[in-house]
Structures are given as C-alpha cells and as structure tokens.
Amino acid sequence: AQKITQTQPGMFVQEKEAVTLDCTYDTSDPSYGLFWYKQPSSGEMIFLIYQGSYDQQNATEGRYSLNFQKARKSANLVISASQLGDSAMYFCAMRDISNFGNEKLTFGTGTRLTIIP
Amino acid sequence: EAQVTQNPRYLITVTGKKLTVTCSQNMNHEYMSWYRQDPGLGLRQIYYSMNVEVTDKGDVPEGYKVSRKEKRNFPLILESPSPNQTSLYFCASSLRRAYSPLHFGNGTRLTVT
C-alpha cells in the first residue's frame, strides 16, 4: 500500500521568499511517480510538477522545483519567489507506474500555504 | 483549450432524487476517474475507466454508478443520493503514460439534504 505524509497543516510565508513544502512517502512499488497539485480556494485541482522514481535529476517547472531524495523517501516542493497567488492548499500525491492498470493517485492531507504581503 | 469539464459546479438536492454529474474531456484520454474530497478524509477514488466500456470500482464505490459509452464522457450517477454523499466531486483523465499527470475538472460541490 502507498502512503503520503504531509506534516505541515499550514504555513505562512512572506511574499517573494522561497518556501518548501514537505512530503514523505512510503511504497513497495519498484516504479512510482510523485505529483504535486495546487488547490486554490475556488476548488479546482491544478497539476504543478511530476517526478519519476527513476529520474536522475530533480524536476523543475518554472518557479516550482521538486527536491527528490529517494533514499529518504521525500519529495519536497520548493516554490521560489512566492507570490500572493500562491496562497492555496497543496497536495502531494503518488501512484504506481510499473503497470498501466488503475492510475489511482494516493494523496496526502495537504498543506495550506498563505503568502503574506 | 485542453480541459476536463464537469457540470454542474454546484448542486443541492434532496435524499433519494436521482442525479447525474457529467464529465467530458477533449484530450482523447483513455483513462478517466472520479474522486470525492471530504475534510479529514482527503481525496478518495470512486470509480475509474481504462477505456470505452471498461469501468471498475475504486475505494468508495457504494452508492454510485458510472458508464463509459464514449471515450470523452464519463458521467457519475447517484441513483438514490443520501446526506453522506455530500462532498466535492472531481472527474479526472490522463493519457495512460507513466509520466502523465491526472488532469482534473473544476469540481462539483454536491449537497444532499
């Protein structure tokens, strides 16, 4: 079974500072993918970034980067130069990618990020 | 614009009155799925479909039905809604590639009184 743990229920960060959102995971699958999603107060789920378990380099996507430490089973999201529009709930998620059956995502409980002007 | 479209965004209904939440994607994705999101319980998968006419149960399928008659559409049917089905519902689709993310619709907030 897969499990995602996000230990920070809420974070407050000053605008323009960098922020790291923590995510640790547990799985017995040999191949897996890790995802981060953003959920603004309007409710939609927005895909941010993906990291495959065999990827050698950390994923980056604009201001988002994923600090992937496989031995520690962590996949922290780093947001550089935070903006007011970054205020939202952030979810870490994972799925088994060793087969193409159910592509169910297992989600963490989320971190509510608030950017302070 | 590539997207997953759910309707309606908000729905208030009464116990026992059948309802359908529609979901359509324009990305030619094979895989589609429904999730519900509840405080303290997170997102849980209800049903999924790997292709037309192929559907299967997720983690919380009781009280729901789905169908996949066309590739683009994956409606969620509540035959006899109950108050414990009050939730935020998401439809999602993906390309069925290892690196392909799930693309979510904007969500349907359902209240059953």
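Before reading further, recall that the structure is shown in the block above.
Given the structure is predicted, the values throughout are model-derived calculations rather than measurements.

### Brief notes about the sheet that holds strand 3 (residues 19-25) of chain B
Here four strands make up an open sheet; going across it, the order is 1-3-8-7 (chain B) and the pairing antiparallel. At either margin of the open sheet sits one strand with a lone partner, and together these are strand 1 (4-7) and strand 7 (65-66) of chain B.

### Observations concerning the state of the cysteines
Taken as a whole and judged by the stated rule, the model has two disulfides over all chains. Two residues, Cys23 of chain A and Cys92 of chain A, share a disulfide whose sulfurs are 2.0 Å apart. As the torsion about the S-S bond is roughly -60°, the Cys23 of chain A-Cys92 of chain A disulfide counts as left-handed. Of this pair, Cys23 of chain A sits in the loop between strand 3 (19-21) and strand 4 (24-26) while Cys92 of chain A sits in strand 10 (residues 88-96), and the two are 69 residues apart along the sequence. This pair shows no difference in class: Cys23 of chain A is buried, exactly as Cys92 of chain A is. With its sulfur 1.8 Å from that of its partner, Cys23 of chain B forms a disulfide with Cys91 of chain B. One disulfide, between Cys23 of chain B and Cys91 of chain B, carries an S-S torsion of -70° and so falls in the left-handed class. One end of the pair, Cys23 of chain B, is in strand 3; the other, Cys91 of chain B, is in strand 9 (residues 87-94), with 68 residues separating them in the sequence.

Thresholds applied
- Residues numbered from 1 in each chain as written.
- Chains lettered and ligands numbered in written order.
- Predicted model: local features only at pLDDT ≥ 70, side-chain atom pairs only at ≥ 80, totals over all residues.
- Heavy atoms only, no water.
- Pairing = 2+ DSSP bridges.
- Helix = DSSP H or I, 4+ residues; strand = E, 2+ residues; numbered from the N terminus.
- Disulfide = S-S within 2.5 Å.
- Buried < 20%, exposed > 50% of the residue type's maximum accessible area, 1.4 Å probe, protein only.

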